[in-house]
Amino acid sequence: MKKTKMKNLLPVYISLFVLMVIVLFPLIYTLLASLKSQMEFFNSADKLFPEKATLVNYKSVLTSDRIDLKTMLFNSTYYTICCVVINLIASAMNAYVFERGRFPGKKIIFTVFSSLMFINMGSITVYPLFDILNAIHLNRSLLGLIVIKLLGIPIVYIVLVRSYVATIPKELDEAAKIDGCSFFGIFWRIILPVLKPILATVGVLSFNASWNEYLMPSIFTLSNPKQQTLMVGIYALKSTGESAANWGLMLAAAVIALIPVLVAFIFGNRYFIDGITEGAVKG
Amino acid sequence: MKLLHNITAKKPVVREKYDKAEVVQCYLMIGLQIIGLLLVTLYPICWAIRLAWYYYDGVLSSTRFVGFENFITIFTKDTVYWRTWLTTIKFTLMKLPIELPFAMFIALLLNAKIKAKGFFRSVFFLPTLIGSAIIGVIFFSLFDYFGIMNAILKSLGIISSSIDWFADPSKAMLVLVLGSVWSTFGSNVLYFLAALKNIPSEVYESADLDGASKFVVFFKITLPMIAPILQMILLLSINGTLHVGDFVLVMTAGGPSGSTHTVMSYIINSFVPGFAVEQGVNIGYGCALSLVTSVFMTIIAIAYMKISTRLANMY
């Protein structure tokens, strides 16, 4: 009985394996190509495996003056941490207030917040954002962009956390209220500790989104290359025109930029997958 | 769609008595977002809508009111803009028929009673996590003239000589579509899997007893049963593809000669500092373009929802 089952599933395993190789091919290629020396890149760019694997690209990407990788790594880390913290705090507090709070205007504010997902004037609105930053004496910089994010409304994360708050029994709040806990006290002592799993999801999703963000960081660090994040810097290498000479550097830098994402994925796998599935069902 | 449901859900009308301290704390906790709503969301939208009626090139003294001129130019003269709409639609029509069946097929395989399901699921989700700038670099290298894709295709006998992928409009488009499918199909696999899990196994068992073939089962049972989620997946995918912007910029930069620019990437490329090559572009015109674009996007989204609910009611 069991044997026939295995036999039936064999085509499934084979298809999955073939598809897996195809899907992973761009990544396998990137990793292997980053181990090729400059010479090999010119002579045999069409071979998958390097004849002599070398770490020379990694060494030079960390020391080269064409790309200031260490500063970029720092910028990306700093930007990502700020965005994640902002999203965690904003989504937890907004979710709690909109689910449990009782205050005039609640319905209308939430409606406005969520309808903003559909109204989108696109990237032309960076001009007024620059004006706002100027008015508060901040220039176009990574810090300026973080201030914009601080004032943003992470509606997808708010909705995600809100539906989780809704599953927490109300009796918990009421018991705490009778004990003299304030509205914020209930959030801090009762709700927040229970939110850990969903906040982990928000954390990994926003970590990945901010680490990978390209458009806004590149606009805001335009006049200030010292502030470029990894994504902006690596892509800038491609458009310098001498990209052929930079292939090894570019791919090695790409691999380095991928490492944090892969590590986060290995440890936070469940949260990523839950977040994507739930986000779609709820959004 | 629970969000919409939440907004429209009717609750019994009872005059609530508010607790003053609670109201104050509520507003304090969402205060930043309310300020942000006015400052970084509504103000920029109003700014752009107003400027759509102006000529504005960044210099305040040369700003002047031009009435409907920007809009008249869009609808009568700007063929480039309308061509980017065609490109966007072409991109959508090429991408979705590849991506959705591909994701569906993988989801069906993963839904079988196999071991290491979690491992495979993670592998197929992996590309979704990779930033667009990195994908741009990787695909640029893969499809380089002297690169590995040309070598593989030649050795398989699919092409006879190397192709300059980024120099030909239709081939550049193909690379763009492939890269885009690679970067988003993973989420769709998860959506399809979630949908398949909801189908009770009894349905399959009884179909099995009746001796239905796999194709019949798929088209008569699986597909109709996941129809509501399929509708949502379609809406998300269409919406995502229509809005694709910076992905185009990092993959092909709109090239060759602007032939792969989608609406969004065209607007970024023409009016956003750092991407716009010319100095002193008419930002007012960019605002008018953005306004027209966002109106069209909204109409398309609403039309899709209307049509698909009507279709759903018919069955």
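Note that the coordinates shown come from a computational prediction; the quantities given were computed from them, not determined experimentally. (Residues numbered from 1 in each chain as written. Chains lettered and ligands numbered in written order. Predicted model: local features only at pLDDT ≥ 70, side-chain atom pairs only at ≥ 80, totals over all residues. Heavy atoms only, no water.)

*Asks:* Looking at this model, I keep getting lost on unusual backbone geometry. Mind explaining?
*Replies:* The backbone phi angle of A:His137 is positive, close to 60°, even though this residue is not glycine. Secondary-structure assignment places A:His137 in the loop between helix 6 (126–135) and helix 7 (142–150). One non-glycine residue, B:Ala116, adopts positive backbone phi at about 60°. With respect to the helices and strands, B:Ala116 occurs in the loop between helix 5 (79–111) and helix 6 (117–125). (Helix = DSSP H or I, 4+ residues; strand = E, 2+ residues; numbered from the N terminus.)

*Asks:* Looking at this structure, how should I read the domain arrangement of chain B?
*Replies:* It is common to report an interface's size as the accessible area lost on association of the parts. Along its sequence, chain B is organised into domain 1 (18–47) and domain 2 (73–314). If you average the C-alpha positions of domain 1 of chain B and of domain 2 of chain B, the two centres end up 36 Å apart. (Domains from an automatic or database assignment.)

*Asks:* What exactly am I supposed to notice about the packing of helix 10 (residues 183–194) of chain A against helix 11 (residues 196–212) of chain A here?
*Replies:* Two quantities define a packed helix pair, namely the angle between the helix axes and the distance between the axes. Residues and elements named next belong to chain A. In the contact formed by helix 10 and helix 11, the axes pass within 5 Å of each other and the chain directions differ by 65°. Classified by the angle their axes make, helix 10 and helix 11 are roughly perpendicular. On helix 11, the residues that touch Leu 192, Pro 193 and Val 194 of helix 10 are Lys 196, Pro 197 and Leu 199. Residues that form the contact of helix 10 with helix 11 fall into these classes: 5 nonpolar, no polar and 1 charged. (Axes fitted to C-alpha atoms, helices over the stretch in contact; angles between N-to-C directions. Parallel < 35°, antiparallel > 145°, perpendicular 65-115°, else oblique. Contact = heavy atoms within 4.5 Å. Nonpolar A, V, L, I, M, F, W, Y, C, P; charged D, E, K, R; others polar.)

*Asks:* Quick question: what am I supposed to make of the interface of chain B and chain A here?
*Replies:* Across the contact, 96 residues belong to chain B and 97 residues belong to chain A. Across the chain B to chain A interface the summed buried area is about 8700 Å²; carbon plus sulfur atoms make up 77%. Viewed at the interface, chain A and chain B are joined by 1 salt bridge. Note that A:Lys177 is salt-bridged to B:Glu22, the shortest N-O span being 3.8 Å. Across the chain B-chain A interface, the total number found is 14 residue pairs in polar contact (both at pLDDT 80 or more). Examining the composition of the side of chain B that touches chain A, we find that 16 residues originate from one element, helix 3 (residues 31–51) of chain B, more than from any other. Within the side of chain B that touches chain A, the residues separate by chemical class into 69 nonpolar, 18 polar and 9 charged. (Buried area = accessible area lost by both parts, 1.4 Å probe. Salt bridge = Lys/Arg side-chain N within 4 Å of Asp/Glu carboxyl O. Polar contact = N/O pair within 3.5 Å; in protein donor to acceptor, adjacent residues only side chain to side chain.)

*Asks:* So what exactly am I meant to see when it comes to the confidence of the model for chain A here?
*Replies:* Atom-level detail of predicted coordinates should not be read off regions where pLDDT is low. When pLDDT is averaged along chain A, the result is 88; 94% of the residues meet or exceed 70. In the model of chain A, helix 2 (residues 38–43) of chain A stands out as the element of lowest mean pLDDT, 76, in contrast to helix 4 (residues 69–100) of chain A, which has the highest, 96. (pLDDT = per-residue confidence, 0-100.)

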